[in-house]
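A structural walkthrough
One-letter residues, chain by chain:
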Amino acid sequence: YFPRYQEIRNFIKALVNKRKYSRMIKIGTSYEGRPIYGVEVFFIDAGIHAREWATHISALYIIKNVVESEEKFADMMTFVIIPCLNPDGYEYSHTTDRLWRKSMSLHTTSQCKGVDLNRNFDSHWGEFRSEKNPCTEIYGGPEPFSESETSALRDSILKYKPVAYVTIHSFGPLLLYPYGYTKDLPPNWRTLHRIATKTAQNIEKVNGTNYVVGSAARVLYVSSGGSDDWAYDEAEVPIVYTMELPEYEKNSFIVPKKYIKPLITETYVGFATLLQNIYEKYGV
Ligand code: 0X9
Ligand code: ZN
């Protein structure tokens, strides 16, 4: 099932209490005042877009496995996993509008709420597939980092300087590396492509899901202001992916309950493959 935000909070609190090495961190506060939590345990976020419910549960499953595993994950790397970057939007998608995408902030005299958090980062902000009209689904906000949620993520990435940043979205299945704002490829795209291809192969072994690998702008569309491009260009994180989890009904964010287990299982295998490859390349 799909937990409400309070349940997400209780779940990770109970998990981290079991282990000495992991603790819960608060990276900031949402517009409506909800604390945004992560577990300090590679840097992953989920739920930038409220309605993408496949993402929150996948991140929770990764947290659970990392914390409970007998493998010495914690010795390999420090993890920051944020299961719900947009708690206000997530709650709203439960209570009021299942297909809500944005944050819940109100900036203008307009009645329309919400900013598309994945258009609000300071990377070619407002240039492509981003709207100035607050009533649209892809409103980029009044200025870059106008949102508490995106600022919290920015500050946290700058603080932890992760070697890898994965942002989980839906739907795909796609494993995308920068750039989103241009069809040009980034300097280390061969490495990014190789690791992504291995990851896709391992995921396919689980349930046969076929991830398509490539740059966001080439495989999906050109859009700017995304967290991935900002992390790569501005925060200089060398390994960056946007993972678009599979769709289970055509063009839908709805995940029928019977697919939850196969989904979180294969996503975890993807995470483990990425981790292994990143560790081999950058681990100490
Ligand atoms: O448009 C987006 O923000 C992402 N797709 S979604 O359907 N989940 O909304 C894709 C973002 C890919 N990255 C960049 N364009 N930077
Ligand atoms: Zn998304």
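Quick caveat, the model's predicted, so the values are computed rather than measured. (Residues numbered from 1 in each chain as written. Chains lettered and ligands numbered in written order. Predicted model: local features only at pLDDT ≥ 70, side-chain atom pairs only at ≥ 80, totals over all residues. Heavy atoms only, no water.)

Let's talk about the nonpolar core
Judged by nonpolar contacts, the single largest core of 74 residues is most densely connected at F42, I157, Y165, Y241 and F271. With near-sequence residues (within four places) excluded, Y165 lies in contact with F43, D45, I48, L153, I157, S227, D228, A231, V237, I239, V240 and Y241. (Core = buried A, V, L, I, M, F, W, Y, C linked by side-chain atoms within 4.5 Å. Buried < 20%, exposed > 50% of the residue type's maximum accessible area, 1.4 Å probe, protein only. Contact = heavy atoms within 4.5 Å.)

What to know about empty space enclosed by the protein
A volume near 40 Å³ is recorded for the largest cavity. The wall of the largest cavity is formed by E52, W53, A54, S170, F171, P246, E247, S252, F253, I254 and V255. Put simply, the parts of the chain that give the lining of the largest cavity at least two residues each are α2 (53-68) and β5 (164-172). (1 Å grid on protein atoms, 1.4 Å probe; cavity = no way out; pocket = protein on both sides within 12 Å on 5 of 7 lines; lining within 4 Å. Points joined across faces, edges and corners; volume = space filled by probe spheres on them. Helix = DSSP H or I, 4+ residues; strand = E, 2+ residues; numbered from the N terminus.)

A few points about the pattern of salt bridges
Taken as a whole and assessed by the stated rule, the structure comprises eight salt bridges. The salt bridge partner of E68 is K64, with a shortest N-O separation of 3.0 Å. Remark: K64 and E68 occur in helix α2; sequence separation between them is four residues, near one turn of the helix. Of the charged contacts, one joins D116 and R101 as a salt bridge, the two residues approaching to 2.7 Å between their closest N and O atoms. Here D116, found in the loop between α4 (87-95) and α5 (148-160), pairs with R101, found in the loop between α4 and α5; they are 15 residues apart in sequence, far enough to count as distant. Judged by relative accessible area, R101 falls into the buried class, the value being 8%. In the salt-bridge network here, residues are joined through shared partners; they are E32, R34 and D88. (Salt bridge = Lys/Arg side-chain N within 4 Å of Asp/Glu carboxyl O.)

Worth remembering: the numbers are spatial, not functional.
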